[in-house]
Amino acid sequence: MKRKPILFTLLALVIVAGGAAVFSQMQRGDSKGIASAADSTQGDSTSQADKKDKKNKDKPEDKPVPVETALATARDIPSHFSATGSLEARRQVELISKAQGQIIKLNVEEGDFVKKGAVLLEIEHREEELLLDKARTSAERALKDLERSKELLEKGLDSNTNYELKKELAETSVIEKDLAQVRLDNKIVRAPFDGLVTLRSVELGQTVNPGMPLLGLADVNPMEVRLFLPEQVVQDLRIGQPVEVRPDVADAPIHGTVDRIAPAVDPATSTIKVTLSVDNAEGAARVGSFVRARVTTDVHTDCIAIPKKALVAEAGVTYVYVAEADTVRRVSVVTGYADDDFAEITDGIHKGERVVTVGQGGLRTGSKIRDLSSPAADPGSVAGADTAAKNGD
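The shown structure was predicted, so the numbers you read here are calculated from the model rather than taken from an experiment. (Residues numbered from 1 in each chain as written. Predicted model: local features only at pLDDT ≥ 70, side-chain atom pairs only at ≥ 80, totals over all residues. Heavy atoms only, no water.)

Colleague: Help me get a handle on the pairing of strand β12 (residues 271-278), residues and values and all.
Modeller: Counting buried positions along β12 yields seven of eight residues, so the element is predominantly enclosed. Pairing geometry for strand β9 (residues 213-230) and β12, over eight bridges, is antiparallel. If you follow Pro230 over to β12, its bridge partner there is Thr271. Two strands pair when backbone bridges link them, and strand β11 (residues 254-261) and β12 are joined in this way by five bridges, in the antiparallel orientation. Across the sheet, residue Arg260 finds its bridge partner in β12, namely Thr275. (Buried < 20%, exposed > 50% of the residue type's maximum accessible area, 1.4 Å probe, protein only. Helix = DSSP H or I, 4+ residues; strand = E, 2+ residues; numbered from the N terminus. Pairing = 2+ DSSP bridges.)

Written out as structure tokens, the structure is:
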């Protein structure tokens, strides 16, 4: 009987010891799992941080935009009114034949410049030369007879009637000589003024009749341009005022001046005819050429101006980019008069501020820039880039 309690006691001890061992083992396993989970979480965080740092390193920094700039300076800016017209010769004539006959000499061609009195062509005139010689001889003889009759009359050896007859004969002979000279002159065509031969309508050896056109002649220096301008524009013009005249086919403008202003307004068009005198000493301009005339109507002096290429228009607003150190800011501006290269700025920027003239397309307020312009270069020029490159070398 005593052995059974002892066995139960031993069995109970074994069970308790085994349970304690199992519990202890479970606690050690949970601790390792928690540590492993913590290590895993820390590893994930480190991996994400590394990826973020790598992404930031791979992201490119904003590079400065290469631009060219120019200073806002004070200068005179004119206002212009443009009109079109055609170059006309100051005088242009068509020489016609006054006699009948065959052309025996043709001394000019189209495009030749001739002086006043130069022989342009001759119509066969041998007969007229002979008639002139005969008339000249008759006139000389009649004049001698008249002189002799006068001497006799003074000595009382001749009558007044005979003297008057000799006088009338001499006068008639002189007239016949002059008529013979006119007939000969009609067979020799001369230039009535200095000018350019614009047209040749006949050939050497051709037979012409009275009234047939022979040659065209134009006085092309100076030339003229007739403009029809509004009254409000004409009221600011003055005689002698310079005008820029630019033919469509010429690379450079031609110097012109206001020569005449019509005193009346055309009621049909409400315009006034203004005639320009255009210098053509070099003979480059052609009669009939289409031209554009630019008349200066007003000038704003000492106004703030920038190169026109600095202006950017968008949605009805005009703005510029003002350079400040290595960045830019966008500024709205109000423009006034403008010429070929510069525009007046009436509001928005001040004298001495530097504006971007090339490279605005990639800019916005705050954009970094790299100015390629050289301070030694003229405002608005692109020579600064070359200078900078040379200095860099």
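Resuming the write-up.
Colleague: Give me the lowdown on the packing of aromatic side chains, citing residues and values where you can.
Modeller: Tallying each qualifying case throughout the model produces one aromatic pair. Ring centres of Tyr319 and Tyr321 lie 5.7 Å apart, and the angle between their planes is 90°; this geometry places the pair in the edge-to-face category. Judged on exposure class, the residue Tyr319 and its partner Tyr321 are both buried. Positioned above the aromatic ring of Phe342 is the side chain of Arg75, whose terminal nitrogen or guanidinium carbon lies 3.8 Å from the ring centre. Above the ring of Phe193, the side-chain terminus of Arg91 is found at 4.3 Å from the ring centroid. (Phe/Tyr/Trp six-rings, centres within 6.5 Å; stacked < 30°, edge-to-face > 60°. Lys NZ or Arg CZ within 6 Å of the ring centre and 35° of its normal.)

Colleague: Describe the sheet that holds strand β8 (residues 207-208), naming the residues involved and giving the relevant values.
Modeller: Taking strand neighbours across the sheet as the criterion, the four strands line up as β6-β5-β3-β8 in an open arrangement whose pairing is antiparallel. Among the strands making up the open sheet, the edge pair consists of β6 (188-190) and β8. Pairing analysis gives two bridges linking strand β3 (residues 101-106) to β8, with the strands arranged antiparallel. When the bridges of β8 are listed, Gly101 appears paired with Val208.

Colleague: Just give me the short version of the pattern of salt bridges, but keep the residues and values in it.
Modeller: Pairing between side chains of opposite charge can happen when their charged atoms approach one another. Applying the stated criterion to the full structure yields 21 salt bridges. Its salt-bridge partner being Asp259, residue Arg260 comes within 2.9 Å of it at the nearest N-O pair. Residue Asp259 is classed as partly exposed on the basis of its relative accessible area, which comes to 24%. A salt bridge links Glu353 to Arg329; its shortest N-O distance comes to 3.3 Å. Residue Glu353 is found in the loop between β18 (342-347) and β19 (354-358), and its partner Arg329 is found in strand β16 (residues 327-332); the two are separated by 24 residues along the sequence. According to the relative accessible area criterion, Glu353 is buried, its value standing at 19%. Owing to a relative accessible area of 30%, Arg329 belongs among the partly exposed residues under this scheme. Among the charged side chains, a network of salt bridges with common partners joins Glu88, Arg90, Glu224, Arg226, Asp259 and Arg260. (Salt bridge = Lys/Arg side-chain N within 4 Å of Asp/Glu carboxyl O.)

Colleague: I'd like a description of the confidence of the model for the chain, backed by residues and values.
Modeller: Here the chain averages 83 in pLDDT, and 79% of its residues register 70 or above. Segment residues 376-393: pLDDT under 50, and 20 contacts once partners within four positions in sequence are set aside and those in other chains are kept. (pLDDT = per-residue confidence, 0-100. Contact = heavy atoms within 4.5 Å.)

Colleague: Describe the side chain of Glu344, and please don't skip the residues or the numbers.
Modeller: Counting through the fold element by element, Glu344 comes out in strand β18. As a buried residue without a salt bridge, Glu344 has its nearest oppositely charged side chain in Arg75, at a separation of 11 Å. At 3.0 Å, the side chain of Glu344 forms a polar contact with the side chain of His300. Contacts of Glu344, omitting those with residues within four sequence positions, involve Ile77, His300, Cys303, Ile304, Ala305, Val334, Thr335, Gly336 and Tyr337. (Lys, Arg positive; Asp, Glu negative; His and termini not counted. Polar contact = N/O pair within 3.5 Å; in protein donor to acceptor, adjacent residues only side chain to side chain.)

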